[in-house]
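Analysis of the macromolecular model
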Amino acid sequence: MAGDPKLIQKRVIEKYCKDFPAEYLDVVHQCDLATLTWAPLVFRYPWDVISGNLCKGGVVVAGDAMHPMTPDLGQGGCAALEDAVVLGRHIGEIFLKNQRIVPQDVGVALGRFVSERRWRTAGLITGSYLSGWAQQTGNNWWMKFLRDIIFYKFLYPKIFDSIRYNCGKLPYASPSQNNSDNPNKMD
Ligand SMILES: Cc1cc2nc3c(=O)[nH]c(=O)nc-3n(C[C@H](O)[C@H](O)[C@H](O)COP(=O)(O)OP(=O)(O)OC[C@H]3O[C@@H](n4cnc5c(N)ncnc54)[C@H](O)[C@@H]3O)c2cc1C
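Just so it is clear, the structure is predicted and the values come from calculations on it, not from any experiment.

Turning our eyes to something else, we now look at the overall build of the chain. Secondary structure assignment for the chain yields 6 helices and 2 strands. Along the chain, helices and strands appear, N-terminal first, in the series α-α-α-β-β-α-α-α. Relative to the 2.2 N^0.38 estimate, which gives 16 Å for 187 residues, the radius of gyration of the chain is 22 Å and therefore markedly larger than a compact globule would have. Along the first, second and third principal axes, the C-alpha atoms of the chain reach 65 × 45 × 30 Å. Burial analysis of the chain (187 residues in total) assigns 29% to the buried set. Accessible area of the chain: about 12200 Å², with a carbon and sulfur share of 60%. Counting 21 positive and 18 negative side-chain charges, the chain places the centres of these two groups 6 Å from one another.

The contact between helix α4 (residues 76–98) and helix α5 (residues 103–136) brings their axes to 9 Å, and the two run at 155 degrees. Here α5 runs roughly antiparallel to α4, going by the angle between their axes. As α4 runs across α5, the sense of the crossing is right-handed. Residue-level inspection shows Ala 79, Glu 82, Asp 83, Val 86, Leu 87, Arg 89, His 90, Ile 91, Ile 94, Lys 97 and Asn 98 of α4 in contact with α5, the latter providing Asp 105, Val 106, Ala 109, Leu 110, Arg 112, Phe 113, Glu 116, Arg 117, Arg 120, Thr 121 and Leu 124. Of the residues assigned to the contact of α4 with α5, the class counts are 10 nonpolar, 3 polar and 9 charged.

Taking the numbering used here, the UniProt-annotated feature "domain: FAD-binding" (unreviewed entry) corresponds to residues 54–93. Segment residues 54–93 splits into 45% helix and 10% strand. End C-alpha atoms: 20 Å apart.

Looking now at the side chain of Gln 9. Mapping Gln 9 onto the fold places it in helix α1 (residues 5–16). If near-sequence neighbours (up to four positions away) are discounted, Gln 9 is found in contact with Val 28, His 29, Cys 31, Leu 33 and Leu 36.

The next thing to look at is the pattern of salt bridges. Scanning the entire structure with this criterion turns up 9 salt bridges. Across the salt bridge formed by Lys 10 and Glu 14, the nearest N and O atoms sit 3.2 Å from each other. With Lys 10 and Glu 14 both in helix α1 and 4 residues apart, the pair spans about one turn of that helix. As a salt-bridge pair, Asp 105 and Lys 97 come within 3.2 Å of each other at their nearest N and O atoms. On the basis of relative accessible area, Lys 97 is assigned to the exposed category, the value being 61%.

The rules behind these values
Residues numbered from 1 in each chain as written. Predicted model: local features only at pLDDT ≥ 70, side-chain atom pairs only at ≥ 80, totals over all residues. Heavy atoms only, no water. Helix = DSSP H or I, 4+ residues; strand = E, 2+ residues; numbered from the N terminus. Rg over C-alpha atoms; globule rule 2.2 N^0.38 Å. Buried < 20%, exposed > 50% of the residue type's maximum accessible area, 1.4 Å probe, protein only. Areas by Shrake-Rupley, 256 points an atom, 1.4 Å probe, with all protein chains shown as cover. Lys, Arg positive; Asp, Glu negative; His and termini not counted. Charge placed at Lys NZ, Arg CZ, Asp CG, Glu CD. Axes fitted to C-alpha atoms, helices over the stretch in contact; angles between N-to-C directions. Parallel < 35°, antiparallel > 145°, perpendicular 65-115°, else oblique. Left-handed = near helix turned anticlockwise from the far one by under 90°. Contact = heavy atoms within 4.5 Å. Nonpolar A, V, L, I, M, F, W, Y, C, P; charged D, E, K, R; others polar. UniProt positions renumbered as here; feature names shortened; annotations may be inferred. Salt bridge = Lys/Arg side-chain N within 4 Å of Asp/Glu carboxyl O.

What follows is the structure in structure tokens.
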């Protein structure tokens, strides 16, 4: 089904979302089939992100490939953007150090990127999971107490606050450091 947008549309309308509001079904009905894809939601355990092998030589995973998480904090895409800035910073630093990209140093930069991102993204995965769990688990009195008093009063503000994150400053080469002989140099 994943490779057949017409079939995806048909199944969504007739089976998976048949009880959804008419407005939703209308959107699906009118969607541009060329943009319709089907992919499973995936999740990586935080301890696998903390201890897993996330880079090798000049290859690294980032974004969803590194830290797929549940959608409850809406931070998957934001974390991918953070990755881009942090990765850019580490690559930029080795670039500035050597005034060019030295292949042996790329692995070092990727290793630093992974070390910096492991705990941050493991925290987001955990916070997102807990947030979804609290919202979706049971409605008996102790679950209500756990959710409404313990979780929303004490834990959620801390989890939510974690979305404010400073990725650091990108390195900058001043124009005076430019070398016109080197077309790869930053300006
Ligand atoms: C319904 C939904 C709602 C979401 N809401 C939010 C939100 O509110 N806030 C938020 O921060 N995040 C949200 N996310 C999560 C966010 O969309 C993802 O975390 C983000 O898109 C991950 O970016 P990425 O670049 O790592 O991966 P992707 O966006 O998945 O990009 C990977 C790209 O690689 C391409 N690709 C795959 N295999 C190959 C291959 N072999 N060769 C070449 N290309 C390939 C794919 O086609 C794709 O274009 C949401 C996700 C979903 C599904």
